[in-house]
Amino acid sequence: MSKGNKNKTSRGEGPLVEMKNITKRFGGLTALNNVDLDVDYAEVVGLVGDNGAGKSTLISILAGALRQNEGEILFKGDDVEIRSPEEAKKLGIETVYQDLALADNIDVAGNLFLGREEYRFSFGPLRFLDKGEMEERAREILEVLNIGFDSMRTKVRNLSGGQRQAIAVARSIFTEPDLVILDEPTAALAVEESKRVLQLIEDLQDQGISVIFISHTLQEVFSTADRIVVLNQGNKVGDLKPDDTDVDQVIKLMIGGRYESQPQG
Ligand SMILES: Nc1ncnc2c1ncn2[C@@H]1O[C@H](COP(=O)(O)OP(=O)(O)OP(=O)(O)O)[C@@H](O)[C@H]1O
Ligand SMILES: [Mg+2]
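Residues numbered from 1 in each chain as written. Chains lettered and ligands numbered in written order. Predicted model: local features only at pLDDT ≥ 70, side-chain atom pairs only at ≥ 80, totals over all residues. Heavy atoms only, no water.

1. A short note on the site of ligand 1
So, step 1. Around ligand 1, the structure places 13 residues, and the nearest of them are G52, K55, S56, T57 and H216.
So, step 2. Between ligand 1 and G52 there is a distance of 2.8 Å, counted from an oxygen atom to a backbone nitrogen or oxygen.
So, step 3. Contact between ligand 1 and T57: an oxygen atom at 2.5 Å from a side-chain N or O atom of the residue.
So, step 4. Contact with the protein chains hides 59% of the accessible area of ligand 1, taken as 640 Å² for the molecule alone.
So, step 5. Listed by contribution, the elements that provide at least two residues to the shell around ligand 1 are β2 (29-39) and α1 (55-62).
So, step 6. Counting residues per element, the shell around ligand 1 draws most heavily on α1, at three residues.
So, step 7. For the shell around ligand 1, the class distribution of residues is four nonpolar, six polar and three charged. (Near = heavy atom within 4 Å. Polar contact = N/O pair within 3.5 Å; in protein donor to acceptor, adjacent residues only side chain to side chain. Areas by Shrake-Rupley, 256 points an atom, 1.4 Å probe, with all protein chains shown as cover. Helix = DSSP H or I, 4+ residues; strand = E, 2+ residues; numbered from the N terminus. Nonpolar A, V, L, I, M, F, W, Y, C, P; charged D, E, K, R; others polar.)

Take a look at the structure:
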């Protein structure tokens, strides 16, 4: 079996995640209006929509960074309150935001362990980082994701955008999550680097990890996602299998209702 999920509790009834009737208001603006989102075990869900459609808001609620005004979330069949990012992580939900928050002057191994350094000794205030152990664990994780780094000691500032994204994803699977949320992981990447990230998503899935993947590049979503959920101005307007739809239809759903008065073509 996969390395991921090995110490997770067993499945409950239904899908891994069920967000039901989620409404989120920012003052007078309704960013999400009664939105449902399901994610099954080991499923890749592509979340698409025009700028301001509510994608980041929806995943921020699941990630514990925002609270919904209405609606509920079931995780493994249990009703859950996700009050903070820590609570999301505890459940098994990890999020990689577009701003990766990597430390440029620290090496690859150090970045993988950022905020959870392993210490060999701990004498009062003096703590010694165990470099060897960190490197070994970092190597393991990178291996699981098929990421090759010549040196764990390379400073992150010297890496490409794709490599940085890979480190952020690798870091997210430390806790052996059930779900990894990726908000526009390919937005700043060149084509080859994007392909690498899409491969990473498949690797996560092979590990039994579910993924919510936000992207404006519909070709990427079609090639990677098992299901595509479309938001339009805070409303869910589509929930489709890539085989049952095409890019044109998804674009129409994304912009439908806003450009109707314009002439076609
Ligand atoms: N913290 C906030 N305060 C007020 N309004 C917000 C806040 N966050 C988001 N919004 C508004 O909520 C709506 C949805 O924004 P959101 O960031 O979820 O869209 P998105 O689909 O992620 O867009 P993009 O593709 O541009 O990232 C937008 O109208 C946005 O301006
Ligand atoms: Mg966004």
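2. Concerning the environment of D79
So, step 1. Along the polypeptide, D79 turns up in strand β5 (residues 78-80).
So, step 2. You can call D79 exposed: its relative accessible area is 55%.
So, step 3. Along the backbone, D79 and M19 are 60 residues apart, and their C-alpha atoms lie at a distance of 10.0 Å. (Buried < 20%, exposed > 50% of the residue type's maximum accessible area, 1.4 Å probe, protein only.)

3. Observations regarding helix α6 (residues 191-206)
Structurally, the α-helix is built with 3.6 residues per turn, so residues lying three or four positions apart point the same way.
So, step 1. The end-to-end C-alpha separation of α6 is 23 Å, in line with the 22 Å expected for 16 residues at 1.5 Å each.
So, step 2. Every buried residue belonging to α6 is among E193, S194, V197, L198, L200, I201, D203 and L204, and all of these are buried.
So, step 3. Where α6 is buried, its residues contact β3 (44-48), α5 (161-172), β9 (179-183), β10 (210-214) and α7 (218-224).
So, step 4. Just downstream of α6, G208 is the residue with a positive phi angle, here 85°. (Expected span 1.5 Å × (residues − 1). Contact = heavy atoms within 4.5 Å.)

4. Concerning the confidence of the model for the protein chain
So, step 1. Mean pLDDT over the protein chain: 84, with 86% of residues reaching 70 or higher.
So, step 2. Of the regions scoring below 50 in pLDDT, residues 1-7 engages in 16 contacts with residues more than four places distant in sequence or in other chains.
So, step 3. Predicted confidence for residues 119-126 stays below pLDDT 50, and this span has twelve contacts to residues more than four positions away or in other chains. (pLDDT = per-residue confidence, 0-100.)

5. Some thoughts on the pairing of strand β1 (residues 17-26)
So, step 1. Here β1 runs beside β2; their pairing, made up of seven bridges, is antiparallel. When the sheet's bridge partners are listed, E18 is paired in β2 with D38.
So, step 2. Relative to strand β4 (residues 70-75), β1 is paired through five bridges, and the arrangement is antiparallel. Across the sheet, residue T23 finds its bridge partner in β4, namely E70. (Pairing = 2+ DSSP bridges.)

6. Overview of the pattern of salt bridges
So, step 1. Counted according to the given criterion, the structure contains nine salt bridges.
So, step 2. Among the salt bridges present, the one from D178 reaches K76, with a minimum N-O distance of 3.3 Å. Here D178 is found in the loop between α5 and β9, whereas its partner K76 is found in the loop between β4 and β5, with 102 residues between them in sequence.
So, step 3. A relative accessible area of 4% means that D178 is categorised as buried.
So, step 4. Among the salt bridges present, the one from K195 reaches E192, with a minimum N-O distance of 3.3 Å. Of this pair, K195 and E192 both sit in helix α6, three residues apart, which is roughly one turn of the helix.
So, step 5. The exposure class assigned to E192 is exposed, which follows from its relative accessible area of 56%.
So, step 6. Through salt bridges with shared partners, one network takes in E43, R227, K236 and D239. (Salt bridge = Lys/Arg side-chain N within 4 Å of Asp/Glu carboxyl O.)

7. Section: the sheet that holds strand β6 (residues 93-96)
So, step 1. Reading across the sheet, the six strands line up as β6-β9-β10-β3-β11-β12 and stay open at both edges, with mixed pairing between neighbours. At either margin of the open sheet sits one strand with a lone partner, and together these are β6 and β12 (235-240). Neighbour to neighbour, the strand axes of the sheet diverge by 20° on average, direction disregarded.
So, step 2. Taken together, the four bridges between β3 and β10 define a ladder with parallel strand orientation. (Axes fitted to C-alpha atoms, helices over the stretch in contact; angles between N-to-C directions.)

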